[in-house]
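Spelled out from the first residue to the last, the chains are:
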Amino acid sequence: MTRVWKIGVAGLGTVGGGLIKYLAEFPDFAPAGGRAVVTGVCARSRSRPRDFDVKAYAWHDDPVELAKSPETDIFVELIGGSDGPAKASVEAALALGKPVVTANKALIAEHGAELALLAEKTGAPLLFEAAVMGGTPAVKLLREAMVGDEVISVAGILNGTCNYILTEMEIHERAFGDVLAEAQAKGYAEADPTMDIGGFDAAHKITILAALAFGRAPSYAAAEIEGVEQVELLDIRLARELGYRIRLTASAEKSADGGVSVRVHPALAPIAHPLSQTVGATNALFIQGKKIPKIFIQGPGAGEGPTAAACCADIADVMTGAVRPVFQRPAARLQPFGSVNADGRVGRVYLRVMVKDEAGALAAVTEALAEEGVSIDSFLQKPVEDEGRVPIVLTTHDVAEGKIKDAVERLAGLPQVLESPRLIRIARP
Ligand code: HSE
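Residues numbered from 1 in each chain as written. Predicted model: local features only at pLDDT ≥ 70, side-chain atom pairs only at ≥ 80, totals over all residues. Heavy atoms only, no water.

A. Seen up close, empty space enclosed by the protein. Per the stated rule, a full pass over the model turns up 1 cavity of 30 Å³ or more. Contributing to the lining of the largest cavity are Leu166, Glu170, Ile236, Arg245, Ile246 and Arg247. Of all the secondary-structure elements, those providing two or more residues to the lining of the largest cavity are helix H6 (160-172) and strand S9 (244-254). The element that contributes the greatest number of residues to the lining of the largest cavity is S9, accounting for 3 residues. Here the lining of the largest cavity is composed, by residue class, of 3 nonpolar, no polar and 3 charged. (1 Å grid on protein atoms, 1.4 Å probe; cavity = no way out; pocket = protein on both sides within 12 Å on 5 of 7 lines; lining within 4 Å. Points joined across faces, edges and corners; volume = space filled by probe spheres on them. Helix = DSSP H or I, 4+ residues; strand = E, 2+ residues; numbered from the N terminus. Nonpolar A, V, L, I, M, F, W, Y, C, P; charged D, E, K, R; others polar.)

Written out as structure tokens, the structure is:
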């Protein structure tokens, strides 16, 4: 006889609504596991207009009650936020040994280790495919398919809103604020768009991927985060002249001292590079392993359909019993990311230095860089912009982060330099 799994859905936004409509249409999407039927729902407002009939499901004001309800076999948390009702309801479900499916990247990145312990204690699956890259299966790829290899690094584009903004700014020369408003209207951006443009959303996602890739406790506080707020149209234009596009990249790799380095920052990628070719709200990820040298996946990172499909994939895992450890290892043995020597990391950078249009300005800049031991790879000087200000643009050869930071500080102190130089890293090939 077909087993019927009763699904409780907390949070009826874009993803929750999509999941409910999909399961109403295809409750037998995973026939090997049984039938998935939504029984109870919960959201902030019952009366808000929705494109499905909310009265068809048992209403709960409190997500914790929905999680505990005997009518909930699988609890799906789509409320969002690292704490508050999202965390309380997930904990309530796990404490009772109930499987949890969530799209909540902040919750998993910030509390994943303690939730994994609880899940392990009660034997409850804790699944979050929809938390990273929407419908593009990055979580399962690392949790399941890459187990036979040793991952060296993961890196890519994990925030659709920022990628949409950077693409539109480059192609249509549109202003930042204008494109952000459009990304919000299209439903890509978080409720608080600072999470997107400040790099925090991408940092939550790469923290989760790093934990899966390296079998560590997700350590969000260890992530180095720089958003796209400082990226100007001028840099986008200059980068293009040098043969690059600017992308918000997220990366994680094991450091030489045994830690895991996790970073989010804008980066220049050559125009033909797959990251530069990832346009609009699309996400992309490179995974480098010891035996499998390079995998590249690209696909939708947000939106109703893809994210709801990712939740269904997790529901199918619960129904068929195909569940793995939350972060590769027994939860009690998970180590944090540990510390890394950030100043010792080496890479190429783009530098834009705004100088006075006067004799000796260029020489002062190159001399300061030479004295700091920074070697220049390419150079571009644009005609005077306005009122005697000239942008000098350089790319460097490989340089240690500590060294380039010192050089930028020194440049900022030169009398010819009008504002703090802009530094953007160049993505590795
Ligand atoms: N705000 C997120 C993004 C949505 O733009 O990628 C998906 O997590």
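So that's the structure; there's more coming.
B. The pairing of strand S4 (residues 74-77), seen in detail. Neither face of S4 is open: one carries Ile74 and Val76, the other Phe75 and Glu77, and all of them are buried. Across 4 bridges, strand S1 (residues 4-10) lies against S4 in parallel orientation. By the bridge assignment for S4, Val9 is matched with Val76. A crossover links S4 with its parallel partner strand S5 (residues 100-102), the connecting element being helix H3 (residues 84-95), and its sense is right-handed. (Buried < 20%, exposed > 50% of the residue type's maximum accessible area, 1.4 Å probe, protein only. Pairing = 2+ DSSP bridges. Right-handed = clockwise from strand over helix to strand, strands pointing away.)

C. Region of the structure containing the pattern of salt bridges. For the coordinates displayed, the defined rule picks out 33 salt bridges. Between Glu168 and Arg174 there is a salt bridge; the shortest N-O distance is 2.9 Å. Taking the relative accessible area as the measure of exposure, Glu168 reaches 14% and is therefore buried. One salt bridge connects Glu401 with Arg425, and the closest N-O pair in it is separated by 2.7 Å. With a gap of 24 residues between them, Glu401 in helix H13 (residues 401-412) and Arg425 in strand S18 (residues 422-426) connect regions that are remote in the sequence. Considered together, Glu401 and Arg425 belong to a single accessibility category, that of buried residues. A single salt-bridge network, built from bridges that share partners, covers Glu224, Glu226, Arg263, Arg345, Glu401, Arg422 and Arg425. (Salt bridge = Lys/Arg side-chain N within 4 Å of Asp/Glu carboxyl O.)

D. How the structure looks around the site of the ligand. Surrounding the ligand, one finds 13 residues, the nearest of these being Lys105, Thr161, Tyr188, Glu190 and Asp196. At a separation of 2.8 Å, an oxygen atom of the ligand approaches a polar side-chain atom of Lys205. Protein contacts shield 91% of the accessible area of the ligand, which totals 260 Å² for the unbound molecule. With respect to the pocket detection grid, the ligand is positioned in the largest pocket. (Near = heavy atom within 4 Å. Polar contact = N/O pair within 3.5 Å; in protein donor to acceptor, adjacent residues only side chain to side chain. Areas by Shrake-Rupley, 256 points an atom, 1.4 Å probe, with all protein chains shown as cover. Sits in = over half its atoms within 2 Å of the grid points.)

E. Representation of the packing of H6 against helix H7 (residues 176-185) in the model. Packing of H6 against H7 leaves a shortest axis separation of 9 Å and a crossing angle of 135°. Considering the angle they form, H6 stands oblique to H7. Handedness of the H6/H7 crossing: right-handed. Here Thr161, Tyr164, Ile165, Glu168 and Met169 of H6 lie close against H7, whose contacting residues are Phe176, Val179, Leu180, Glu182 and Ala183. (Axes fitted to C-alpha atoms, helices over the stretch in contact; angles between N-to-C directions. Parallel < 35°, antiparallel > 145°, perpendicular 65-115°, else oblique. Left-handed = near helix turned anticlockwise from the far one by under 90°. Contact = heavy atoms within 4.5 Å.)

F. Local environment of the layout of surface pockets. In this structure, the largest pocket spans a volume of roughly 1300 Å³. Lining the largest pocket are 48 residues, and of these Leu78, Ile79, Gly80, Glu190 and Ala191 sit closest to its centre. Listed by contribution, the elements that provide at least two residues to the lining of the largest pocket are helix H1 (14-25), helix H4 (105-122), H6, helix H8 (194-197), helix H9 (200-214) and helix H11 (304-320). The class makeup of the residues in the lining of the largest pocket is 18 nonpolar, 19 polar and 11 charged. By volume, the second largest pocket is sized at about 910 Å³. Ser251, Arg263, His265, Arg425 and Ile426 are, among the 39 residues lining the second largest pocket, the residues nearest its centre.

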